[in-house]
Amino acid sequence: MMMYTEKVMEHFQNPRNVGQIKDADGMGKVGNPVCGDLMTFYIKVKNDRIADVKFQTFGCGAAIAVSSMVSEMAKGKTLSEAMKITNANVAEELGGLPKNKLHCSNLGADALHAAIEDYRKKNLDLKPEAEKSEPRTHEESDVDSCPYCDGPREGMEEYCTSCQLELTECPECRQAMEKDAEICPHCGATRVRT
Amino acid sequence: MNSCLESGAGNPQSLHADGQRARQVVDDARVKLAQLIHSRPEEIIFTSSGSEANNLALKGLALARHNRGDHIVLSSIEHLSLIQAARSLEKSGFKVTRVRVDAQGMVDPDDIKRALTPRTSVVSIMQANSIVGTVEPIREIARICRSEGVRFHSDAVAAVGNIPVDVEALGVDSLSLAADQFYGPQGSAALFLRKGVKLVPLFDGGVQESGRRAGTENVPGIAGLGEAAAVAMKEMEERGKRMRALRDRLIRELPQRIEHVVLTGHPESRLPHHASFCIRFVEGEGMLLHLDMQGIAVASGSACASKSLRASHVLLEMGIDHALAQGSLVFSMVDDTTSGDIDYLLDVFPPIVEKLRKMSPLYFEYLENSR
């Protein structure tokens, strides 16, 4: 399929590190079926390094490729190095992702970070100086395109200049969503319609 | 159609010989299409797409009757061109009632009856749904509308050319169709509008299509639509029989090869070439990509497979939960689909599902809970 790079398709067809770790040291779960993606990351930690990592993913081709890439990037890294893996890194390693699939790369890094945080919470005494992961800021590329048509956007216009859809800010994740939509395409938050 | 493209079609509105040849092409196509749907040729308005035909019908009929009513009724699983057209009308002051469907995507004619008010001017219910294949009880709904003096439009884009559609027997006031749904070219479609029914055009301009659709005619596209209609007249019945057998086999055998498969739409009242499923615990785009690599082209109503990142409103309206809707797939038989193709699909598809389920957290959750 033309929309994905060769690298994405390669990881999608041969995903690395698929599965569960029964006695995992940390586990991170993100996503929801409303927006279509669910990811679970499991890590084994040895000497402050990620000795093993496995994932399970329910989602599109991009979500599977992103999970696979994140697992490969994380393996062998120290925990603080792994915390520095960003959405942009992952997308870059994959040779780019279609704009409306960038939220998948957010989920991949988020799931890994959640697994690391889970490990740290369980081992507070081991890691007193636990550094927080950077609060997730939206990638430029997220904000700069309409989530529905990929068209370029500048700031928070009331409608997409490409597809004319009326847009508003999701009250949960602050990214652009269709004005009348009940579900945010990025975070899946459900709004009560007024 | 090719001859129009090669020789360069004249403008059918011109009086010179080239123009008159083009006029002849358009008139011939009109007659062929009228034969297919059992209308009069002058009741056909050529448009650029099914979406345009639907917009023209809903907005055109509603505006033409604005002095008598401002209430519109449609089903909640209509095509987006009607859902959004209704939303536009709502914004400019019309009232809209959206009638729900049952778990198989069926509209209950009694629900339409109950939805009608003295202010109702137009009802719009699709003849067949392209996502789940369900064929709706249009004749009955048309009868109700007629007896209440309400205009009735039916979106038959997924139906015309695939199942017999007889506008006279159905009793509809307007009906939309598109060439690309029955082996014709893209960008060529039409609206049937019963003689004597008033309609406000979307495009103001010249006298083309009796003033109801201004703009120079798409002569090659119209020629292609006419030809597709003529072919459908000849082949539809036999083709339908053949496809129905393949469809029924797929619907019967796929759940035998793969666990946790749900047929979407109505098991009997459905398009003959249409088999649609939700495969539990896996997401549609992943399956679509794998099938594509095996040379099988399918569609999905999952959020990920759509540019809008939303699961198909049709599936959600039928009460299918979000997770299951993500596993939606639509298989359409085409003219050259054979029983061998179904064998091939039944062979290559189960390992794809197995591979994706092996990495699905939802499947693991299910296995753990059922232990």
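What counts as what
- Residues numbered from 1 in each chain as written.
- Chains lettered and ligands numbered in written order.
- Predicted model: local features only at pLDDT ≥ 70, side-chain atom pairs only at ≥ 80, totals over all residues.
- Heavy atoms only, no water.
- Helix = DSSP H or I, 4+ residues; strand = E, 2+ residues; numbered from the N terminus.
- Rg over C-alpha atoms; globule rule 2.2 N^0.38 Å.
- Buried < 20%, exposed > 50% of the residue type's maximum accessible area, 1.4 Å probe, protein only.
- Contact = heavy atoms within 4.5 Å.
- Pairing = 2+ DSSP bridges.
- Axes fitted to C-alpha atoms, helices over the stretch in contact; angles between N-to-C directions.
- Polar contact = N/O pair within 3.5 Å; in protein donor to acceptor, adjacent residues only side chain to side chain.
- pLDDT = per-residue confidence, 0-100.
- Phe/Tyr/Trp six-rings, centres within 6.5 Å; stacked < 30°, edge-to-face > 60°.
- Parallel < 35°, antiparallel > 145°, perpendicular 65-115°, else oblique.
- Nonpolar A, V, L, I, M, F, W, Y, C, P; charged D, E, K, R; others polar.
- 1 Å grid on protein atoms, 1.4 Å probe; cavity = no way out; pocket = protein on both sides within 12 Å on 5 of 7 lines; lining within 4 Å.
- Points joined across faces, edges and corners; volume = space filled by probe spheres on them.
- Core = buried A, V, L, I, M, F, W, Y, C linked by side-chain atoms within 4.5 Å.
- Left-handed = near helix turned anticlockwise from the far one by under 90°.
- Salt bridge = Lys/Arg side-chain N within 4 Å of Asp/Glu carboxyl O.

Enquirer: Hey, could you go over the overall build of chain B for me, with residue numbers and the actual values?
Expert: Tallying secondary structure elements over chain B gives 13 helices and 10 strands in all. On C-alpha atoms alone, chain B measures out to a radius of gyration of 22 Å, which is about the 21 Å that the 2.2 N^0.38 rule sets for 371 residues. Across the 371 residues in chain B, those meeting the buried criterion constitute 57%. Within chain B, contacts between residues separated by at least 24 positions form 71% of all contacts whose residues are at least 6 apart in sequence.

Enquirer: Describe the sheet that holds strand 3 (residues 49-58) of chain A, and please don't skip the residues or the numbers.
Expert: Residues and elements named next belong to chain A. Pairing is antiparallel across the open sheet formed by three strands, whose spatial order is 1-2-3. The open sheet has two edge strands with one neighbour each: strand 1 (26-32) and strand 3. Each strand of the sheet is rotated relative to its neighbour by a mean of 15°, with strand direction disregarded. Looking at chain direction, strand 2 (residues 37-46) and strand 3 are connected through nine bridges and run antiparallel. In the strand pairing of strand 3, Y42 is matched with K54. Sheet strands in contact with helix 2 (residues 61-74) are strand 2 and strand 3, and its direction is about 175° off that of strand 3.

Enquirer: Mind laying out the pairing of strand 10 (residues 328-332) of chain B, listing which residues take part and the relevant values?
Expert: Residue and element names in this part refer to chain B. For strand 10, the tally of buried residues reaches four of five residues, placing the bulk of the element in the interior. Of the pairings in the sheet, the one linking strand 9 (residues 274-279) to strand 10 comprises five bridges and is antiparallel in character. Of the residues in strand 10, the one forming a bridge with F277 is L329.

Enquirer: Please give an account of helix 13 (residues 361-369) of chain B that cites residues and values.
Expert: Taken residue by residue, helix 13 of chain B has P361, L362 and Y363 of chain B as its buried positions. Here the buried face of helix 13 of chain B lies against strand 2 and strand 3 of chain A together with helix 11 (322-325) and helix 12 (339-358) of chain B. The N-cap residue of helix 13 of chain B is S360 of chain B: its side-chain oxygen and the backbone nitrogen of L362 of chain B are 3.2 Å apart.

Enquirer: Outline the confidence of the model for chain B, supporting the account with residue identities and numerical values.
Expert: Per-residue pLDDT for chain B averages 93, and the proportion of residues at 70 or more is 97%. Quick note on the complex model: pTM equals 0.85, ipTM equals 0.83.

Enquirer: Can you explain the packing of aromatic side chains? Please cite residues and give values.
Expert: We describe a pair of aromatic rings using the distance from one ring centre to the other and the angle between the two ring planes. Residue and element names in this part refer to chain A. Counted under the stated rule, the structure contains six aromatic pairs over all chains. An angle of 25° between the planes, with centres 5.9 Å apart, marks the rings of F41 and F55 as stacked. Remark: F55 occurs in strand 3 and F41 occurs in strand 2; sequence separation between them is 14 residues. Summarising the burial analysis for this pair, F41 and F55 share the class buried.

Enquirer: Please give an account of the packing of helix 1 (residues 6-13) of chain A against helix 9 (residues 284-293) of chain B that cites residues and values.
Expert: The interhelical angle for the contact between helix 1 of chain A and helix 9 of chain B, taken along N-to-C directions, is 100°, at an axis separation of 12 Å. Considering their axes alone, helix 1 of chain A and helix 9 of chain B lie roughly perpendicular with respect to each other. Within the contact between the two elements, helix 1 of chain A uses M9, F12 and Q13 of chain A and helix 9 of chain B uses G286, L289, H290 and M293 of chain B. For the contact of helix 1 of chain A with helix 9 of chain B, the residue count by class is four nonpolar, three polar and no charged.

Enquirer: Describe empty space enclosed by the protein, listing the residues and the values that go with them.
Expert: Evaluation of the coordinates by the stated rule reveals three cavities of 30 Å³ or more. As a volume, the second largest cavity reaches approximately 50 Å³. What lines the second largest cavity is simply T57, F58, G59 and I64 of chain A together with F281, V282, E283, G286, L356, M359 and S360 of chain B. In terms of residue class, the lining of the second largest cavity is built from six nonpolar, four polar and one charged.

Enquirer: Any details on the nonpolar core? Residues and values, ideally.
Expert: Formed by 66 residues in total, the largest nonpolar core has its most connected members in L112 of chain A together with L250, F331 and F349 of chain B. Looking at this core, the element that brings in the most residues is helix 2 of chain A, giving nine residues. Setting aside residues up to four positions removed in sequence, F331 of chain B forms contacts with L250, H273, H274, A275, F277, L291, V298, L345 and F349 of chain B. With 62 residues, the next largest nonpolar core counts M126, C145, I222 and M236 of chain B among its residues.

Enquirer: Explain the packing of helix 2 (residues 17-37) of chain B against helix 8 (residues 219-257) of chain B to me, using residue names and the numbers behind them.
Expert: Think of two packed helices as two axes; the pair is described by the angle between the axes and how far apart they sit. All names here are of chain B. At their nearest, the axes of helix 2 and helix 8 sit 8 Å apart, and the two run at 30° to each other. Relative to helix 8, the element helix 2 is oriented roughly parallel. Remark: the crossing between helix 2 and helix 8 carries left-handed chirality. Here helix 2 contributes A22, V25, V26, A29, K32, L33, Q35 and L36 to the contact with helix 8, which in turn contributes V219, I222, A223, L225, G226, E227, A229, A230, A232, M233 and M236.

Enquirer: Can you break down the confidence of the model for chain A residue by residue, with the values?
Expert: Residue and element names in this part refer to chain A. The predicted model of chain A averages 80 in pLDDT, with 73% of residues at 70 or higher. Here helix 6 (residues 140-143) stands out as the element of chain A with the lowest mean pLDDT, 44, in contrast to strand 3, whose mean of 96 is the highest. pLDDT under 50 marks residues 137-143. Its contacts with residues more than four places away, or in other chains, come to 11 contacts.

Enquirer: Tell me about the sheet that holds strand 5 (residues 151-155) of chain B, and please be specific about residues and values.
Expert: All names here are of chain B. Across the sheet, seven strands lie side by side as 1-7-6-5-4-2-3; this open sheet has mixed pairing. Strands at the two margins of the open sheet, each flanked by one partner only, are strand 1 (44-47) and strand 3 (95-99). Strand-to-strand twist in this sheet, taken as the mean axis angle between neighbours without regard to direction, amounts to 20°. Where strand 4 (residues 120-124) lies against strand 5, three bridges are found, and the strand directions are parallel. Its bridge partner being in strand 5, S124 is matched across the sheet by H153.

Enquirer: Quick one: what's the story with the pattern of salt bridges, residue by residue and with numbers?
Expert: Residues and elements named next belong to chain B. One pass over the structure, following the stated rule, counts 29 salt bridges over all chains. A salt bridge links R247 to D248; the nearest nitrogen and oxygen atoms lie 3.0 Å apart. The partner of D347 in a salt bridge is R257, and the shortest N-O contact between them spans 3.4 Å. Of the two residues, D347 sits in helix 12 while R257 sits in helix 8, which places them 90 residues apart along the sequence.

Enquirer: I'd love a proper account of the pairing of strand 1 of chain A, names of residues and values included.
Expert: Residues and elements named next belong to chain A. In this structure, strand 1 lies alongside strand 2, joined through seven bridges in antiparallel fashion. Bridging from a neighbouring strand, G28 pairs with F41 of strand 2. What sits between strand 1 and strand 2 in their antiparallel hairpin is a turn of four residues, with G36 showing a positive phi close to 110°.

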